[in-house]
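Observations on the model geometry
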Amino acid sequence: MRKRITRRLCVPLGAMLTLTVSGCAVSSSASVHPSSMKMTIGYTAIGAAYSDLYICQDKGIFEKNGLDVEITLLNSSSQLVAALVSDSVQVGVGATTATAAGAMNLKGVDLRYVALPINRYYMEMWGRKSVKPGDGLKGKKIGLSSPGSLGDAAVDALIKKYGWSDGDVEKVFLKSTPAEVSALENGAVDAIVTQPPTGTKTRQKGFKKVMDFTSLPAAANAYTVKSDYLSTNRKAVAAFIKSETECLAMLHNDREAALASIMKHSGVDDRKLAEYSYDFFSPLWARNPRVDPKLVEDAFSVTADKGIGTMPDDTRGFIDNSYVDKLRDSGYIDSLSRHDAKGE
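The structure reproduced in this document is the subject of the present report. All residue numbers here refer to positions counted from 1 along the written sequence of the relevant chain. Reporting in this predicted model follows two pLDDT cut-offs: at least 70 for local features of residues, and 80 or more for side-chain atom pairs to be given and counted; totals over whole chains, interfaces and linings ignore these cut-offs and use all residues. Calculation of side-chain values draws on the structure's entire complement of heavy atoms; hydrogens and water are dropped beforehand.

**Thoughts on helix α6 (residues 150-162)**
We count a stretch as a helix when DSSP gives it H or I for four or more residues in a row; a strand needs E for two or more, and each element gets its number in order from the N terminus. What a helix should span is 1.5 Å times the count of its residues minus one. With 13 residues, α6 should cover 18 Å at 1.5 Å per step; its first-to-last C-alpha distance of 19 Å lies within 8% of that length. Counted residue by residue, α6 has ten buried out of 13 residues, so it is predominantly covered. Relative accessible area decides the class of each residue, using a 1.4 Å probe on protein chains only: under 20% of the type maximum gives buried, over 50% gives exposed, and in between gives partly exposed. Along α6, the residues that are buried comprise L150, G151, D152, A153, A154, V155, D156, A157, L158 and I159. Elements in contact with the buried residues of α6: α5 (96-105), β6 (141-144), β7 (170-173), β8 (191-194) and β9 (208-212). Taken from the residues just after α6, G163 is the one with a positive phi, measuring 70 degrees. A contact between two residues is defined here by any heavy atoms of the two lying within 4.5 Å.

Printed below as a string of structure tokens:
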């Protein structure tokens, strides 16, 4: 397996949006994407939510399907569009609210969502024992990685659900998930929002799970590409989507392999933490990673409501389900489920 590396992007999304507002177009039309089976996939946080990528890499599924893949960790979802635009990554996965912001603001940047392996906010809130869910969160300091992250979007969804104002909770942005954990442990925040197993580890220091966000639907880990890359690399994208469906089935079918990948890539050597993470995500991982148009529309709407861009007339133009649908219509996705049922 190729070594995973973390790239620090020199042009963050915020800077790109500033350039666009000031009248400077950021265009992807000048990009040249020769057909290639080599790709870099960027993901946006350490945690078990990305076990589909981990197990695909560990079990050689990408290679089996003809791909030469490197997976790389970005600092946050807010860097996802910048990574795609700069061609640092060819496929990105992270919060759709972040990519929606770029899609609505960066001229010439045409994005496509091609797969959705999780359709819920898969975040947890861990905090002090005195912190209670619901109204008990009012006035509390909530640690998050960055604006536009999935955790940030999940808290916004919670605020909307309860009909609160933005000032009812204080968001504290700490740049990274490890920094969230440190802030909780040193008392700088009352609670943090992370994906398992990161926040889960704090229970060893006496913190408790306040709540999770899995009851709230969302286009969470949406796999995203630029349209110009898609147009010249359809074979590679098709191979990636085939790999993705295989690896989602493997997560459901092979618990031990999934646990091994979680422990290898999520920074935990405690099997109980890995098991907790697997049991948390197992009901959330899709078997058919088709992108739900309603959830994409919701992500654009929420982003536009914040004054970040103008809502498109039809967000379905940002979705390409043709690759997933071809696998479904051929019976391939169902065949993976039948293999699961037989224990093959």
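Let's pick the thread back up.
**Quick word on the sheet that holds β9**
Within a beta sheet, neighbouring strands are joined by backbone hydrogen bonds and run either parallel or antiparallel to one another. Note: two strands are recorded as paired if DSSP finds a minimum of 2 bridges between them. Judged by pairing direction, the sheet is mixed, and its five strands sit side by side in the order β7-β6-β8-β5-β9 without closing on themselves. Looking at which strands have only one partner, the edges of the open sheet turn out to be β7 and β9. Each adjacent strand pair in this sheet contributes to an overall mean axis angle of 30 degrees, direction not counted. In this analysis, axes come from line fits to C-alpha atoms, helices being fitted only over the stretch in contact, and the angle between any two N-to-C directions falls in the range 0 to 180 degrees. Packed on one face of the sheet, helix α7 (residues 177-185) meets β5 (124-127), β6 and β8 and runs near 160 degrees to β8.

**Points about the nonpolar core**
The set of buried Ala, Val, Leu, Ile, Met, Phe, Trp, Tyr and Cys residues whose side-chain atoms join them within 4.5 Å is what this entry labels a nonpolar core. Among the nonpolar cores identified, the biggest contains 75 residues, and I41, Y122, F213 and F240 are the most heavily contacted of them. Examining the composition of this core, we find that nine residues originate from one element, helix α9 (residues 234-253), more than from any other. Those residues within four positions of Y122 in sequence are excluded, and the remaining contacts are A49, Y50, L150, Q195, P196, T214, A220, N221, F280, F281 and L284. If you look at the next biggest cluster of nonpolar residues, it comprises 24 residues, including V81, L106, L111 and A219.

**A word on the packing of aromatic side chains**
In this analysis, rings of Phe, Tyr and Trp, with Trp reduced to its six-membered ring, are considered paired at centre separations within 6.5 Å, and the interplanar angle assigns stacked below 30 degrees, edge-to-face beyond 60, and tilted for intermediate values. Counted under the stated rule, the structure contains ten aromatic pairs. Pairing Y122 with F281 gives two aromatic rings, centres 5.6 Å apart and planes at 55 degrees, and the pair type is tilted. One end of the pair, Y122, is in the loop between β4 (111-115) and β5; the other, F281, is in helix α11 (residues 271-281), and 159 residues separate them in sequence. Residue classification places Y122 among the buried residues on the basis of a relative accessible area of 2%. Here F281 falls in the buried class, since its relative accessible area comes to 0%. Taken together, the aromatic side chains of Y122, Y278, F280, F281 and W285 make up a single cluster linked through ring pairs. Should the NZ of a Lys or the CZ of an Arg lie within 6 Å of a ring centre and within 35 degrees of the ring normal, that charge is described as sitting over the ring. For the cation-ring pair, R203 lies above Y276, with the distance from its terminal atom to the ring centre recorded as 5.3 Å.

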